[in-house]
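Results of the structural survey
Chain by chain, the residues run as shown.
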Amino acid sequence: MQHSATVSNSNNAPIMEIAGLNLWYEDTHALKDVSFDLYPSEILAFVGPSGCGKSTALKVLNRMHDHTPGVRITGSVQMQGTDIHDPDIDPPLHRRRFGWVAQKPNPFPTTIWHNVSYGPRIHGLMQTKADMAAHVEDCLRRAHLWDEVKDILHKAKGNDLSGGQQQRLCIARALSTQPEVLLMDEPTGSIDPIATAKIEELLTGLRVDHSIIIITHSMMEARRIADRVAFFHLGALKEIGPVTQIFDHATSPEARRFFAGESG
Ligand SMILES: Nc1ncnc2c1ncn2[C@@H]1O[C@H](COP(=O)(O)OP(=O)(O)OP(=O)(O)O)[C@@H](O)[C@H]1O
């Protein structure tokens, strides 16, 4: 699969603006003065050595740290002009603007139908059964899973599927609440190369309607699907820019060493 489109950021207002973000877990300073923008219809890849803060930076965006003891955050995270930590923000409503996909596929141990219809049902997003059926089909189609499961929607359980199918089901579930941003923590990290190729292909389709941040340990994957790359090192965002600029013309010694395979 070839992905050549590049987002023209200069024409778009960012959907998120992160400025001077610091995060501590008790005494561990996990994010250090991190600033970046996220644009509509882009895939931004977070890369860097283990423990450099990639997952932490992802979790801040949808306020996943709200209930983690000992977490302290400073700096500003704005979504379409509003600070996400503003007291007027309702955290569950804020989280609904994001879809989350974890490294290990984690479908509910219930039917495929239930996996995709649960979120829209509890949020009251669909008015009729026909609307729900059309929505479930649409989410499964966008996750490139519909043809494989359309006859077993109410029979098979999520965990009856193969690992790659389970991950595509989790993507359909993430899409089901109509998020604006998809946050993906190594979504291809635990599946085989053919299943990975299917997910990479569907992600490039999803970026038309969503901003996507993907954490990946595969620089090849970042090259294949990302528009921009953010390189983290010891909690700091050292480099961010278009894929070729970062991979081929990194300016920081840490990034150069990492991309040359000498660290991480
Ligand atoms: N819940 C937590 N409590 C305390 N420290 C944490 C917690 N989560 C992460 N950390 C620490 O914060 C730092 C950043 O971790 P984080 O998981 O964000 O890195 P990462 O780049 O995503 O790593 P990996 O690539 O290994 O998943 C590490 O030092 C980690 O040990």
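Residues numbered from 1 in each chain as written. Predicted model: local features only at pLDDT ≥ 70, side-chain atom pairs only at ≥ 80, totals over all residues.

The name given to the protein in an unreviewed UniProt entry is Phosphate ABC transporter ATP-binding protein, and the organism recorded there is Lacimonas salitolerans.

**Considering the domain arrangement of the protein**
Reports often express the size of an interface as the amount of accessible area lost when the parts come together. Definition in use: What counts as a domain boundary in this text is fixed by an automatic or database domain assignment. Each residue gets a C-beta atom placed from its backbone, and two residues are in contact if those atoms lie within 7 Å. Counting from the N terminus, the helices are DSSP H or I runs at least four residues long and the strands are E runs at least two residues long. Classification convention: Asp, Glu, Lys, Arg as charged; Ala, Val, Leu, Ile, Met, Phe, Trp, Tyr, Cys, Pro as nonpolar; all other residues, Gly among them, as polar.
Each assigned domain of the protein is listed here: domain 1 (1-97 + 179-264) and domain 2 (107-178). With centres defined by C-alpha atoms, the gap from domain 1 to domain 2 works out at 26 Å. Listed as interface residues are 12 residues of domain 1 and, on the opposing side, 12 residues of domain 2. Looking at which element gives the most residues to the side of domain 1 that touches domain 2, the answer is helix 7 (residues 193-206), with 5 residues. Class assignment of the residues belonging to the side of domain 1 that touches domain 2 gives a composition of 8 nonpolar, 1 polar and 3 charged.

**Structural notes on the packing of helix 6 (residues 163-175) against helix 7**
To keep things clear, this is the line we draw: A fitted line through C-alpha atoms represents every axis, and for helices the fit uses only the stretch in contact; the resulting angles, taken between N-to-C directions, go from 0 to 180 degrees. Should an angle lie under 35 degrees it is considered roughly parallel, over 145 roughly antiparallel, and from 65 to 115 roughly perpendicular; all remaining angles are considered oblique. Crossing handedness is read from the near helix: turned anticlockwise from the far helix by less than a right angle, it gives a left-handed crossing, and turned clockwise, a right-handed one.
Direction vectors running N to C along helix 6 and helix 7 enclose 20°, while the axes themselves pass 9 Å from each other. Comparing the axis directions of helix 6 and helix 7 gives the class roughly parallel. Between helix 6 and helix 7 lies a crossing of right-handed hand. Residues Gly163, Gly164, Gln167, Arg168 and Ile171 of helix 6 pack against Ala195, Lys198, Ile199 and Leu202 of helix 7.

**Digging into the sheet that holds strand 2 (residues 28-38)**
What counts is decided by this rule: Note: two strands are recorded as paired if DSSP finds a minimum of 2 bridges between them.
Read from one edge of the open sheet, 4 strands run 2-1-4-5, paired in antiparallel fashion. Each having just a single partner strand, strand 2 and strand 5 (82-83) make up the two edges of the open sheet.

**Quick word on unusual backbone geometry**
In the Ramachandran plot, Ser41 falls in the positive-phi region, its phi being about 55° despite a non-glycine side chain. Of note, Ser41 is situated in the loop between strand 2 and strand 3 (43-47). Of note in the backbone geometry, Leu234 takes a positive phi value of approximately 50° without being a glycine. Tracing the backbone through its elements, the reader meets Leu234 in the loop between strand 9 (228-233) and strand 10 (236-242).

**Quick word on the environment of Pro253**
Here is the rule: Note on burial: count the other C-beta atoms lying within 10 Å of the residue's C-beta; 20 or more is buried, 12 or fewer is exposed, in between is partly exposed, and C-beta positions come from the backbone.
Inspection of the secondary structure puts Pro253 in helix 10 (residues 253-259). Exposure remark for Pro253: the 10 C-beta atoms within 10 Å place this residue in the exposed category. Sequence-wise, Pro253 and Glu180 are 73 residues apart; in three dimensions their C-alpha atoms are separated by 35 Å.

**Looking at the UniProt feature "domain: ABC transporter" (unreviewed entry) in the protein**
As a reminder of what qualifies: UniProt positions are given in the numbering used here, feature names are shortened, and annotations may be inferred rather than shown by experiment.
In the numbering adopted here, UniProt assigns the feature "domain: ABC transporter" (unreviewed entry) to residues 16-259. As annotated, residues 16-259 has a helix share of 37% and a strand share of 26%, and its two end C-alpha atoms lie 27 Å apart.

**Let's talk about the nonpolar core**
Convention followed: Think of a nonpolar core as buried Ala, Val, Leu, Ile, Met, Phe, Trp, Tyr and Cys residues chained together by C-beta atoms that fall within 7 Å.
Membership of the largest hydrophobic core comes to 58 residues, with the highest contact counts inside it found for Ala45, Ala172 and Val229. The dominant element in this core, judged by the number of residues it contributes, is helix 6, at 6 residues. Counting contributing residues per domain, this core is built from domain 1 (1-97 + 179-264) and domain 2 (107-178), each supplying no fewer than three. Dropping the residues within four chain positions of it, Ala45 is found in contact with Ile214, Thr216, Ala222, Ala226 and Val229.

**Comments concerning helix 1 (residues 54-61)**
Of all the positions in helix 1, only Lys54, Thr56, Ala57, Val60 and Leu61 are classed as buried. Arg63 sits one or two positions beyond helix 1 and adopts a positive phi of about 60°.

**Things to note about the confidence of the model for the protein**
Keep in mind that low pLDDT regions are not for reading the predicted coordinates in detail. Using the following cut-off: One number per residue, pLDDT, summarises how confident the predictor is, and it ranges from 0 to 100.
Looking at the protein as a whole, the pLDDT averages 93, with 95% of positions reaching at least 70. Overall, residues 1-10 carries pLDDT values under 50, and its contacts beyond four positions in sequence, including any with other chains, amount to 14 contacts.

**Considerations on the pairing of strand 10**
Two elements, strand 9 and strand 10, share 6 bridges in a ladder whose sense is antiparallel. Within strand 10, the position partnered with Arg228 by the bridge is Pro242. Two successive antiparallel strands, strand 9 and strand 10, enclose a turn made up of 2 residues, where Leu234 displays a positive phi of approximately 50°.

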